[in-house]
Amino acid sequence: MDSSAADLDFHAAGALLDWLAELGADEAIGDGPVNRYEFKPEVRNAAAPPPAAPPVGAEADPVAVAKAAVAGAVNLETLAEIQSAYDLCDLKRGARNFVFADGNPEARVMILGEAPGREEDLEGRPFVGRAGQLLDRMFAAIGLARTAHHGGEALYITNVMPWRPPQNREPDAAEIAMMLPFVARHVEFVNPDLIVLMGNISCAAALGQRGILRLRGKWTEAFGRPAMPMTHPAYLLRNPAAKREAWADLLEIRARMQEMP
Ligand code: URA
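For the structure given in this document, a descriptive report is provided here. (Residues numbered from 1 in each chain as written. Predicted model: local features only at pLDDT ≥ 70, side-chain atom pairs only at ≥ 80, totals over all residues. Heavy atoms only, no water.)

## What about the side chain of Glu120?
Phase 1: The topology assignment puts Glu120 in helix α5 (residues 118-123).
Phase 2: Buried and unpaired, Glu120 has Arg164 as its nearest opposite-charge partner, separated by 7.1 Å.
Phase 3: Those residues in contact with Glu120 that sit more than four places away from it in its chain are Val99, Arg125, Pro126, Phe127, Val128 and Gly129. (Helix = DSSP H or I, 4+ residues; strand = E, 2+ residues; numbered from the N terminus. Buried < 20%, exposed > 50% of the residue type's maximum accessible area, 1.4 Å probe, protein only. Lys, Arg positive; Asp, Glu negative; His and termini not counted. Salt bridge = Lys/Arg side-chain N within 4 Å of Asp/Glu carboxyl O. Contact = heavy atoms within 4.5 Å.)

Listed below in structure tokens is the structure:
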């Protein structure tokens, strides 16, 4: 790989990836390319000064930058603009699209998913792959759809991460933390009656807890409103037997909505 690998366009990078796969590479071990053939002359002069450390305080704190940025958002549109311009999340560099949200912002129910996968990254919309199709069918069963015009029958869907992680790896704690101010503001603007936390990453972000199989099905509070943790539809595709519990959780959501004015 030559030193200009980082400058490849999408198609050239795709061809390079295919070639690496043909050579037998089957796993990415880092987020960025490493040129292992690069010539690095050995430093023999012991008296040479060590490379200068970055000045203290020069590195921006990604969470503080995110908090300052969201303060400028006045509605969903400006929030999307501000979030897509945020540059301190490395996932942005590997993603094709910024995936903000889908559905009706008037919805009473807001779903917080984890991160875009391949299809979502290609399309720029959350939950459009197989897991998303299952999610649509699950919520249709309790009369809710992202395409519904009336807020009481509508869904609004977003993710903790707006950029696809490489190889669909889990976002790490630092990546989640820097997106949290955006998610909190997102919830404020949509102002749903209740939130569905889809999977472990959403629970980690909203509740600071993991363990979805323990958390699911029990009402909790996230961003100051009732929240229901549920197993992720991708998990349900792999474990169809768990659909029974997911159905119970959906019925809980419907019952709670009926109780609310
Ligand atoms: N899984 C998620 O959590 N979100 C998506 O958008 C797609 C798959």
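## As for the site of the ligand
Phase 1: Residues in contact with the ligand, as listed here, are Gly113, Glu114, Ala115, Pro116, Glu120, Pro126, Phe127, Asn159 and His232.
Phase 2: Measuring from a nitrogen atom of the ligand, one finds a backbone N or O atom of Ala115 at 3.2 Å.
Phase 3: For the ligand, the protein covers 91% of the area, taking 230 Å² as the surface of the free molecule.
Phase 4: If you map the ligand onto the pockets, it falls in the second largest pocket.
Phase 5: Tallied by class, residues from the shell around the ligand come to 4 nonpolar, 3 polar and 2 charged. (Near = heavy atom within 4 Å. Polar contact = N/O pair within 3.5 Å; in protein donor to acceptor, adjacent residues only side chain to side chain. Areas by Shrake-Rupley, 256 points an atom, 1.4 Å probe, with all protein chains shown as cover. 1 Å grid on protein atoms, 1.4 Å probe; cavity = no way out; pocket = protein on both sides within 12 Å on 5 of 7 lines; lining within 4 Å. Sits in = over half its atoms within 2 Å of the grid points. Nonpolar A, V, L, I, M, F, W, Y, C, P; charged D, E, K, R; others polar.)

## Some details on empty space enclosed by the protein
Phase 1: Following the criterion strictly, the structure yields 1 cavity of 30 Å³ or more and no others.
Phase 2: The calculated volume of the largest cavity comes to roughly 40 Å³.
Phase 3: Taken together, Gln83, Val99, Phe100, Thr158, Asn159, Val160, Pro162, Val183 and His186 make up the lining of the largest cavity.
Phase 4: Of the residues assigned to the lining of the largest cavity, the class counts are 5 nonpolar, 4 polar and no charged. (Points joined across faces, edges and corners; volume = space filled by probe spheres on them.)

## Observations concerning the packing of aromatic side chains
Aromatic rings considered in pairs are described by the distance between their centres and by the relative angle of their planes.
Phase 1: Within this structure, the stated rule accounts for 3 aromatic pairs.
Phase 2: Between Tyr86 and Phe182, the ring centres sit 5.3 Å apart and the planes meet at 70°, which makes this aromatic pair edge-to-face. Taken together, the positions of Tyr86 in the loop between α3 (76-85) and α4 (91-94) and Phe182 in helix α7 (residues 173-190) put the pair 96 residues apart, joining distant regions of the chain.
Phase 3: A relative accessible area of 1% places Phe182 in the buried class.
Phase 4: Each member of the aromatic cluster is reached from another via a ring pair, and the members are Phe98, Phe100 and Trp163.
Phase 5: One cation-aromatic arrangement involves Arg256 over Trp219; the distance from NZ or CZ to the ring centre is 4.6 Å. (Phe/Tyr/Trp six-rings, centres within 6.5 Å; stacked < 30°, edge-to-face > 60°. Lys NZ or Arg CZ within 6 Å of the ring centre and 35° of its normal.)

## Things to note about the nonpolar core
Phase 1: Counting residues in hydrophobic clusters, the biggest one holds 39 residues, and the most contacted among them are Cys89, Tyr156, Met179 and Leu197.
Phase 2: Among the secondary structure elements, those contributing two or more residues to this core are α2 (62-70), α3, β2 (109-113), α7, β4 (194-198), α8 (200-207) and α9 (212-215).
Phase 3: Residue contributions to this core peak at 7 residues, all from α7. (Core = buried A, V, L, I, M, F, W, Y, C linked by side-chain atoms within 4.5 Å.)

## Some points on the pairing of β2
Phase 1: Counting buried positions along β2 gives 5 out of 5 residues, so the element sits mostly inside the fold.
Phase 2: Direction of pairing for β2 relative to strand β3 (residues 155-159): parallel, over a ladder of 5 bridges. Pairing of Met110 across the sheet is with Tyr156, part of β3.
Phase 3: With 4 bridges joining them, β2 and β4 adopt parallel strand pairing. Across the sheet, Ile111 pairs through a bridge with Val196, a residue of β4. (Pairing = 2+ DSSP bridges.)

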